[in-house]
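Secondary and tertiary structure notes
One-letter residues, chain by chain:
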Amino acid sequence: MIMPVRLRLTILFSVLVMIILCVVCGGIYYFSYTTRIANITKRLTNRAITTARLLGQKETFDRDLVQKIDSLTTIALKDKTVQAYDYQNNKIYSYSDLPADTLHIDESILDDARVSGSKYFRIGDKEAIAYHYSDSNARIVVISAAEDIDGKKGLRSLLNILLLSFFLGNVFVLVTGYIFSTRILLPIKKIAADVEEISAQNLTRRIETGITKDEWYQLADTMNRLLDRLQESFEFQRRFISNASHELSTPLTAISSQMQVTLQRERSLEEYKHVMQSVYEDVRHMSKLTQTLLEFAKASGDAGGLEINLLRIDEVILRLPAELARIDKHFKVSVEFVQLPENEAQLLVFGNEILLLMAIKNIVLNGCKYSKDHHTYVTLKANNKKIIITVKDNGPGIPENEISKIFQPFYRVKNNTDNDGFGLGLSLASKIVVMHKGTIEVASKMNVGSEFLISLPVAGTLH
Ligand code: ADP
């Protein structure tokens, strides 16, 4: 059975207070009990000493007189009994408030008193003291016993008060504990209710954080930030799908309308050839787009499912000229290694070779595509922390206000468009670089050229 947190808190709280109350009440009771015993012992001892001294004075030894004194000096000792024994354990004196109230004293008690001076013991309901008195005249043991009525009564009422306080205290703690934990957990209920109302359709809703910056505020705030990220990612997906569908539907519409027009009547072979050529180009474009979309999907996941290896970045860079020449024979890439470290380990990167090559290739490809000379200059630098790859071209440049947008999927700068592009290359490259814990920066000057700076961490610095 799952116990609600509220109940668990209440029980924990109550048990703690119960233990504290128990210790305090127990302590008070124990202290009062020992005080009562000390008190009655003192009084009984006084009584015994007085009687012993009187009995010790042989010249005044008058049983009746001593009994009279014993009967008069009661000082709240109820049903008092005083008995005296000589060194041979013979009873030499006896007095009791109640006539036939004689105590039967064990010889061992008398012996104990002789050894230790005095001994406290109980006999029936009474408290008793065996007191050993000795002087030049006498060596006697006086037993003085009485019922500590007042002391016991006081202790009993104290016990009742303590039990009542303990019981009432626990009830109070249970009730307040329950109210307290309900109040403490109320914000959680509110947060749960708020979250319940948030769905993929109304991701704009947020959890109420309240004003006090406590732990609940932090929880709500953290969840709100998570919702921000979720909303952003949903938005991104939505825009992406709509852009991708648009990109796919444009050539499809073109194909369909071309076919429709062509099929309206008989055409010459030349005309058919022309239409086929145009359809072929559209289909090729679409096929390339779907390929890019697939690559995009691959790079959008987390790095978990990818094959990650230690790879040498200079080897990746050296593949670029051939890769670009394969795309278009006019594309030229010059590679230059500057300030390369002597230690080859500083050129090692943890990553997926295919994806990293794809990312750098996309940036280099843009340099070749958009510049008139179709020439891109790649340089590689490295220190013990970072590997820096710069990709420079003498192209048209990117307007400053658009630099931040070029990494968004499907975004294309108006004047620098190339028929083969979809606006996905840079966003794919940025995703891959971020996945490798790197960064991309852009510096561009209109009509002079652009420079992309890719920075990747050296494998040794990644943990
Ligand atoms: P595309 O497939 O259109 O090249 P990208 O995501 O690679 O898509 O680039 C986005 C846009 O940024 C491009 O359409 C282009 O307008 C601009 N751009 C990227 N690189 C350069 C560059 N080196 N010089 C000028 N413009 C560039």
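Definitions and cut-offs
Residues numbered from 1 in each chain as written. Predicted model: local features only at pLDDT ≥ 70, side-chain atom pairs only at ≥ 80, totals over all residues. Heavy atoms only, no water. Axes fitted to C-alpha atoms, helices over the stretch in contact; angles between N-to-C directions. Helix = DSSP H or I, 4+ residues; strand = E, 2+ residues; numbered from the N terminus. Parallel < 35°, antiparallel > 145°, perpendicular 65-115°, else oblique. Left-handed = near helix turned anticlockwise from the far one by under 90°. Contact = heavy atoms within 4.5 Å. Nonpolar A, V, L, I, M, F, W, Y, C, P; charged D, E, K, R; others polar. Core = buried A, V, L, I, M, F, W, Y, C linked by side-chain atoms within 4.5 Å. Buried < 20%, exposed > 50% of the residue type's maximum accessible area, 1.4 Å probe, protein only. Near = heavy atom within 4 Å. Polar contact = N/O pair within 3.5 Å; in protein donor to acceptor, adjacent residues only side chain to side chain. Areas by Shrake-Rupley, 256 points an atom, 1.4 Å probe, with all protein chains shown as cover. Pairing = 2+ DSSP bridges. Salt bridge = Lys/Arg side-chain N within 4 Å of Asp/Glu carboxyl O.

Now for the packing of helix α6 (residues 269–300) against helix α11 (residues 425–435). Here α6 crosses α11 at 25 degrees, and the two axes come no closer than 9 Å. One finds that α6 runs roughly parallel with respect to α11. As α6 packs across α11, the resulting crossing turns out to be left-handed. Residues Glu 295, Phe 296, Lys 298, Ala 299 and Ser 300 of α6 touch α11, and the partners they reach there are Ser 427, Leu 428, Lys 431, Ile 432 and Met 435. Split into classes, the residues belonging to the contact of α6 with α11 amount to five nonpolar, two polar and three charged.

Here we take up the nonpolar core. Of all hydrophobic cores here, the largest spans 51 residues; its most connected members are Ile 313, Leu 320, Ile 360, Val 364 and Ile 389. If you tally residues by element for this core, the top one is helix α9 (residues 353–370), at ten residues. Once you skip the residues sitting within four places of it in the chain, Leu 320 turns out to touch Val 333, Leu 357, Ile 360, Lys 361, Val 364 and Val 378. By size, the runner-up hydrophobic cluster in this structure holds 18 residues, among which are Leu 55, Leu 77, Tyr 93 and Ile 129.

Taken together, 20 residues are adjacent to the ligand, and Asn 366, Tyr 370, Asp 393, Arg 412 and Leu 426 come closest. Separating an oxygen atom of the ligand from a backbone N or O atom of Gly 425 is a distance of 3.3 Å. Within the backbone of Leu 426, a nitrogen or oxygen atom sits 2.8 Å from an oxygen atom of the ligand. Here the ligand has 530 Å² of accessible area as a free molecule, and 98% of this is covered by the chains. If you list the elements that add at least two residues to the shell around the ligand, you get α9, α11 and β12 (449–457). Sort the elements by how many residues they give to the shell around the ligand and α9 lands first, with four residues. Of the residues belonging to the shell around the ligand, the class tally is nine nonpolar, eight polar and three charged.

In this section: the packing of helix α1 (residues 5–56) against helix α2 (residues 63–72). Put simply, α1 and α2 touch, their axes get as near as 10 Å, and they point 165 degrees apart. The pairing of α1 with α2 is recorded here as roughly antiparallel in orientation. As α1 packs across α2, the resulting crossing turns out to be right-handed. From α1, Arg 47, Thr 51, Leu 54 and Leu 55 reach across to α2, where they touch Val 66, Ile 69 and Asp 70.

Strands sit in the order β7-β9-β10-β12-β11 across an open sheet of five strands; the sheet is mixed. Only two strands of the sheet have a single partner each, and these edge strands are β7 (332–337) and β11 (439–445). On average, each strand axis in the sheet is inclined to that of its neighbour by 15 degrees, with strand direction left out of account. Pairing between strand β10 (residues 386–393) and β12: seven bridges, direction antiparallel. For Lys 386, the partnering residue across the bridge sits in β12 and is Pro 457.

A word on the sheet that holds strand β5 (residues 139–147). Here we have five strands laid out as an open sheet, ordered β2-β1-β5-β4-β3, and antiparallel in their pairing. Here the strands that pair on one side only, and so sit at the sheet edges, are β2 (91–96) and β3 (118–123). Averaged over all adjacent pairs, the angle separating strand axes in this sheet is 15 degrees, with direction ignored. Sheet topology places β3 next to strand β4 (residues 126–134); six bridges connect them, and they run antiparallel. Across the sheet, Arg 122 pairs through a bridge with Glu 127, a residue of β4. Relative to the sheet, α1 contacts β1 (78–85), β2, β3, β4 and β5, its axis offset from that of β4 by approximately 40 degrees.

This part covers the pattern of salt bridges. Scanning all chains against the criterion turns up 18 salt bridges. The salt bridge partner of Asp 194 is Arg 205, with a shortest N-O separation of 4.0 Å. In this pair, Asp 194 is assigned in helix α4 (residues 149–197) and Arg 205 in the loop between α4 and α5 (215–263), connecting sequence segments eleven residues apart. You can call Asp 194 buried: its relative accessible area is 15%. A relative accessible area of 32% places Arg 205 in the partly exposed class. If you follow the salt bridges from partner to partner, you end up with Arg 319, Glu 323, Arg 326, Glu 353 and Lys 361 in one network.

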